[in-house]
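Structure at a glance
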Amino acid sequence: MTEHVDVSEPEADATPATAAVTPADAADAARLVAFGLQPKLLPARDQEYADLLRRYREDPPFARLADAVAAGLGLVVLEVSPRAGMAVTAAEDSVFAVRMGDYARRAATDSGDRFLHGLAHLAVAAMAYPRPEDLADDGYIGRVTVNGVDAFVRQACRRLEERAEEQGENTDPATDAPGLEAAWRIWARRSSTGATKDARRLSGSTTGIVGKAAAFLTESGFLQRTGDDNGGTYRTTARYQLQVRDMAGSAAMAELLDLGIVSVTDGTATLLPADETDDLELVADAGLPFHGS
């Protein structure tokens, strides 16, 4: 009888040893998140930022550490790439969250205006990316103008008014009532420009409200101002595309796009002309950013 001798090697540990996280690693991860909180800063213009982005993409443990730092601050990482940097957005309970109500209170003293500021932001997003494929294309750059956004909302007002009349609904909702059906009459009643004695745009006019929204988005790194024509011309950034992707499923965004004011023809977008424009108060020379052939 031959005795069996087990000469097999001891089984290797299936879980590889994980290198301990050092204070320097944590500092680098926090530094990367800090760069992400500076929306106007581009990786191409800061070597340290570019190096940390490269480490994030090539070093999975470091990426997990940076994600954990962001999560601890109440931030959601939308994308980490050379084009967008470390793009983060704040969760509702984050100390970094900028709520529309807070923004509107800073931008307007009248409570009714706060609702209009929210609609202005919604309209900028809808005009910047009118089609799902625009949001899906990383190379797509949206362009908007202040006067064009105001004209777009006024066209939406007309469509909503017609829809309400067809359905026999109340066409004079309360000022503080939620939803687009309330917004259209509030916006339509407001002066489009209403210049002051020195020809400055009134802050409470609808173009004034859109201008404030565009300025806020520019300060936040979502838009870049490209000129002064048509109340101010702007182009979108990669961060704004990511932000709009995040909000694209909202009911208000879908409702606004479903009005059919933005139409797709040969692959470009255009605003549909109104059947009757006498009572639309559309802005003269609005310089709409999308032109169909």
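Residues numbered from 1 in each chain as written. Predicted model: local features only at pLDDT ≥ 70, side-chain atom pairs only at ≥ 80, totals over all residues. Heavy atoms only, no water.

**Things to note about the overall build of the chain**
Convention followed: Numbering of helices and strands runs from the N terminus, with a helix taken as a DSSP run of H or I at least four residues long and a strand as a DSSP run of E at least two residues long. Any two residues having at least one pair of non-hydrogen atoms within 4.5 Å are treated as being in contact. Per-residue and other accessible areas follow the Shrake-Rupley method at a 1.4 Å probe size, with only the shown protein chains counted as cover for residues.
In terms of helices and strands, the chain carries eleven helices and seven strands. Pairs at least 24 apart in sequence give 59% of the contacts found in the chain among residues at least 6 apart. Carbon and sulfur atoms provide 52% of the accessible area of the chain, an area that totals close to 16,000 Å².

**Here's the deal with helix α3 (residues 60-72)**
Let me state the cut-off plainly: Take the number of residues in a helix, subtract one, and multiply by 1.5 Å to get its expected span. Buried residues are those whose accessible area, probed at 1.4 Å on protein chains only, stays under 20% of the maximum for their type, while exposed residues exceed 50% and partly exposed ones sit between those limits. By arc we mean the arc of the directions from the helix axis to the C-beta atoms, nothing more.
If you check α3, its first and last C-alpha atoms are 18 Å apart, about what 13 residues at 1.5 Å a residue would give, namely 18 Å. Every buried residue of α3 is accounted for by F62, A63, L65, A66 and A70. Buried positions in α3, seen along its axis, are confined to an arc of 160 degrees and lie on one side of it. Facing away from the buried side of α3, by more than 90 degrees, are the exposed residues R64, A71 and G72.

**Focus on the sheet that holds strand β4 (residues 223-227)**
To keep it simple, the criterion reads: Any two strands with at least two DSSP bridges between them are considered paired. Note on geometry: axes are lines fitted to C-alpha atoms, helical ones only across the stretch in contact, with angles between N-to-C directions running from 0 to 180 degrees.
On the basis of which strands lie adjacent, the open sheet formed by three strands has the order β3-β5-β4 and antiparallel pairing. Two strands in the sheet have a free side with no partner beyond their single neighbour: β3 (143-145) and β4. Shown here is a sheet whose adjacent strand axes are inclined to one another by a mean of 30 degrees, direction ignored. The sheet contact formed by β3 and strand β5 (residues 233-236) spans three bridges and is antiparallel. What sits directly across from R143, in β5, is R235. The strands that helix α7 (residues 146-166) touches are β3 and β5; relative to β3, the one it contacts most, it runs at about 80 degrees.

**As for the pattern of salt bridges**
What counts, and what does not: Criterion for a salt bridge: a side-chain nitrogen of Lys or Arg within 4 Å of a carboxyl oxygen of Asp or Glu.
Scanning the entire structure with this criterion turns up twelve salt bridges. A salt bridge links E48 to R31; the shortest N-O distance between them is 3.3 Å. Taken together, the residues E48 in helix α2 (residues 47-58) and R31 in helix α1 (residues 23-36) connect sequence positions 17 residues apart. Using a relative accessible area of 38% as the deciding quantity, one classes E48 as partly exposed. Classification of R31 by relative accessible area gives partly exposed; the value is 37%. Of the charged contacts, one joins R55 and D59 as a salt bridge, the two residues approaching to 3.7 Å between their closest N and O atoms. Owing to a relative accessible area of 24%, R55 belongs among the partly exposed residues under this scheme.

**Quick look at the confidence of the model for the chain**
Spelled out, the test is: The quantity known as pLDDT measures the predictor's confidence residue by residue, on a range of 0 to 100.
Model confidence for the chain is summarised by a mean pLDDT of 74, while 65% of its residues fall at 70 or above. At the level of individual helices and strands, the chain shows its lowest average pLDDT in strand β7 (residues 269-271), which scores 42, and its highest in α2, which scores 96. With pLDDT under 50 throughout, residues 12-17 is counted as low confidence; its partners more than four residues away or in other chains account for zero contacts. Note that residues 263-293 has pLDDT below 50 and, in this model, 71 contacts with residues that lie over four places away or in other chains.

**Observations regarding the nonpolar core**
This is how it is decided: Throughout, nonpolar core names a set of buried Ala, Val, Leu, Ile, Met, Phe, Trp, Tyr and Cys residues whose side chains join them through atoms within 4.5 Å.
If you look at the biggest cluster of nonpolar residues, it comprises 34 residues, and the most contacted ones within it are V149, W187 and Y240. Among the elements of the structure, α5 (111-128), α7, α8 (180-189), α9 (206-219) and α10 (238-247) are those that each provide at least two residues to this core.

**Considering the environment of V144**
Relative to the assigned elements, V144 resides in strand β3. Measuring from C-alpha to C-alpha, the distance between V144 and T236 comes to 8.3 Å, with 92 residues separating the pair along the chain.

**Considerations on the pairing of strand β2 (residues 85-90)**
Remember that side chains alternate between the two faces of the sheet whenever the strand is regular. Of all the six residues making up β2, five are buried; the element is thus mostly covered by neighbouring parts of the structure. By the bridge criterion, six bridges tie strand β1 (residues 75-81) to β2 in an arrangement that is antiparallel. Residue pairing across strands places V80 opposite M86, the latter belonging to β2. Between β1 and β2, which pair antiparallel in sequence order, lie three residues.

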